[in-house]
Amino acid sequence: MPKMNLFLAGLFFVSPLLAQDKPADAPHDMDHMQHGGFMQGGMHHAVAKGVKLEQKIDGKTIVVRIGPMSLPAHTSHMKMPQPPDLEWQIPIDGWLLAYSPKLVDAGGNEVPGRVLHHTAFWNENRADFLCPNKEEHIFGAGGELTNWAEVPGYGYRVQMGDKIRVETMVHNPTDTSYDKVYLEVTIPYQQAAGGAQVKSIYPTWMDVKSCGNSGYDLPAGNSRQNGTVVVKYSGLLLGVGGHMHDYAKQLTLEDTSRKETVATLDAKVDEHGELLSMPTVLFLDRGGYKFGAGDVLKISATYDNTTGKLLRDGAMGIVVGYFVPADDSAMAALRRKPSAHSMAGMSHDQ
């Protein structure tokens, strides 16, 4: 079985809104769910004009394309006009199998991933199974543009017409300006009718900020942030990866109910503290790591901020995995009608 890249090191999200350290027991009603994801709630950016979402179906893949975006050199995410939230309407009934992001210019030439602060795809028709106060977060990517590889026999179940909200944030810390940049995400799929059956997996986001917004201030020197979430369904975790920011040291995931360490993820950084990568830990050789309903998971993130100053919204600590429930029918309770909040900027190219 090929290596499963569950996470995208260098990922996404910043928010000035700090969350509670206990999981929220919020209702599943989508009208009361968080729509700001992990980051943009509370921020005030200029809105980039003319950015649209298009989709194109080619054979057994869907390509979601967002743009164009103009990215002047040496511009932070706070000063950069940001794309509005966009809506992708699922065009098939079946499973999404993998995600491959890239950045290109109008001529199709690749643009360095460093200019993508993050993108995040949220299913407005489903609540997150760990944090039902949130929409289900199905995919995220940041500057390293790591692929989420296919896991043979598994996929993310969607229905035709499902509404996926796409949040994207860009910046440009480089010396080069880029004009008319597009984010393209290639997504292979399998139809439900006429194909081999696929087991449904659920993206699992276990956050040191529990069920709130993920960004938090990073103090100077060594620091550690802890959070907990409660597993509401029994099942198997196939593997995990992690997301942190610069000056990261380590992420750990513990099952405190069983007094076991599930995974330890050591960050790889360069001599300046810039995050290079996060590892992946797989449990496939043991048939997955078993969770029981009611298990309490503890997530811990450690950093060593060598700048000597507090970095506002400078840290995140998220363990990301794929979860296979023992009873998939029980997950149907997470399905909801999408909220009525307005979306704009969508078009189709099929």
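Shown above is the structure to which this text applies.
Residues numbered from 1 in each chain as written. Predicted model: local features only at pLDDT ≥ 70, side-chain atom pairs only at ≥ 80, totals over all residues. Heavy atoms only, no water.

Among the seven residues of strand S7 (residues 135-141), seven are classified as buried, and the element is accordingly described as predominantly covered. Summarising the sheet, strand S6 (residues 116-127) and S7 pair through six bridges and their orientation is antiparallel. Paired with Thr 119 across the strands is Ala 141, a residue of S7. (Buried < 20%, exposed > 50% of the residue type's maximum accessible area, 1.4 Å probe, protein only. Helix = DSSP H or I, 4+ residues; strand = E, 2+ residues; numbered from the N terminus. Pairing = 2+ DSSP bridges.)

By size, the foremost hydrophobic cluster in this structure holds 46 residues, and its most contacted members are Trp 88, Leu 96, Tyr 99 and Phe 121. Breaking this core down by element, the ones donating at least two residues are strand S2 (61-71), strand S3 (86-89), S6, S7, strand S8 (154-158), strand S9 (163-170), strand S10 (178-191) and strand S24 (318-325). No other element matches S10, which puts six residues into this core. Counting 39 residues, the second-largest nonpolar core is a separate cluster that includes Ala 127, Phe 129, Tyr 216 and Tyr 233. (Core = buried A, V, L, I, M, F, W, Y, C linked by side-chain atoms within 4.5 Å.)

Judged by pairing direction, the sheet is antiparallel, and its four strands sit side by side in the order S14-S22-S16-S17 without closing on themselves. Every other strand in the sheet has two partners, leaving strand S14 (221-230) and strand S17 (260-266) as the edge strands with one partner each. Going from strand to strand, the sheet's axes swing by 15° on average, the running direction of each strand aside. One ladder, built from seven bridges, connects strand S16 (residues 248-255) with strand S22 (residues 296-305); its direction is antiparallel. Bridge assignment links Glu 254 to a residue of S22, and that residue is Lys 298. (Axes fitted to C-alpha atoms, helices over the stretch in contact; angles between N-to-C directions.)

What follows is about the packing of aromatic side chains. Scanning the model with the defined rule gives eleven aromatic pairs in all. For the pair Tyr 99 and Trp 148, a centre-to-centre distance of 5.9 Å together with 85° between the ring planes defines the contact as edge-to-face. Linking Tyr 99 in the loop between strand S4 (94-96) and strand S5 (100-104) with Trp 148 in the loop between S7 and S8, this pair joins segments that are 49 residues apart in sequence. Here Tyr 99 falls in the buried class, since its relative accessible area comes to 3%. Considering the side-chain rings of Phe 283 and Tyr 289, the 5.7 Å spacing of their centres and the 55° angle between planes classify their relative orientation as tilted. The exposure class assigned to Phe 283 is buried, which follows from its relative accessible area of 4%. In this structure an aromatic cluster arises from ring pairing among Trp 88, Tyr 99, Phe 121, Phe 139, Trp 148, Trp 205 and Tyr 322. Directly above the ring of Tyr 182 sits Arg 65, whose terminal nitrogen or CZ lies 3.7 Å from the centroid. The aromatic ring of Trp 95 is capped on one face by Arg 157, whose charged end is 4.9 Å from the ring centroid. (Phe/Tyr/Trp six-rings, centres within 6.5 Å; stacked < 30°, edge-to-face > 60°. Lys NZ or Arg CZ within 6 Å of the ring centre and 35° of its normal.)

So, on to the sheet that holds S6. Strand order in this open sheet of four strands is S3-S9-S6-S7, and the pairing throughout is antiparallel. Either end of the sheet is taken by a strand with one partner, and the two such strands are S3 and S7. On average, each strand axis in the sheet is inclined to that of its neighbour by 25°, with strand direction left out of account. As paired elements, S3 and S9 share four bridges and run antiparallel to each other. Note that in S9 the partner of Glu 87 across the bridge is Arg 165.

Take the pattern of salt bridges next. Taken as a whole, this structure holds ten salt bridges when the rule is applied. In this structure, Glu 136 engages Arg 126 in a salt bridge whose closest nitrogen and oxygen atoms are separated by 2.8 Å. Here the residue Glu 136 occupies a position in strand S7, and Arg 126 occupies one in strand S6, the gap between them amounting to ten residues. For the pair shown, Glu 136 and Arg 126 are each scored as buried. Glu 260 serves as the salt-bridge partner of Arg 258, at 3.4 Å between the closest nitrogen and oxygen. You can call Arg 258 partly exposed: its relative accessible area is 33%. Here Glu 260 falls in the partly exposed class, since its relative accessible area comes to 32%. A network of salt bridges, in which partner residues are shared, links Asp 85, Glu 135, Arg 165 and Glu 167. (Salt bridge = Lys/Arg side-chain N within 4 Å of Asp/Glu carboxyl O.)

On to unusual backbone geometry. Trans peptide bonds make up most of the peptide bonds, and negative phi angles are found at most residues other than glycine. For the bond from Gly 67 to Pro 68, the omega torsion is -5°, close enough to zero to count as cis. Mapped onto the fold, Pro 68 is located in strand S2. Even without being glycine, Ser 210 reaches a positive phi, approximately 55°. Residue placement: Ser 210 occurs in the loop between strand S12 (202-207) and strand S13 (216-218). For Ser 210, a relative accessible area of 1% translates into the label buried. Even without a glycine there, the phi angle at Asp 313 is positive, about 50°. Along the polypeptide, Asp 313 turns up in strand S23 (residues 311-315). Since its relative accessible area comes to 15%, Asp 313 is described here as buried.

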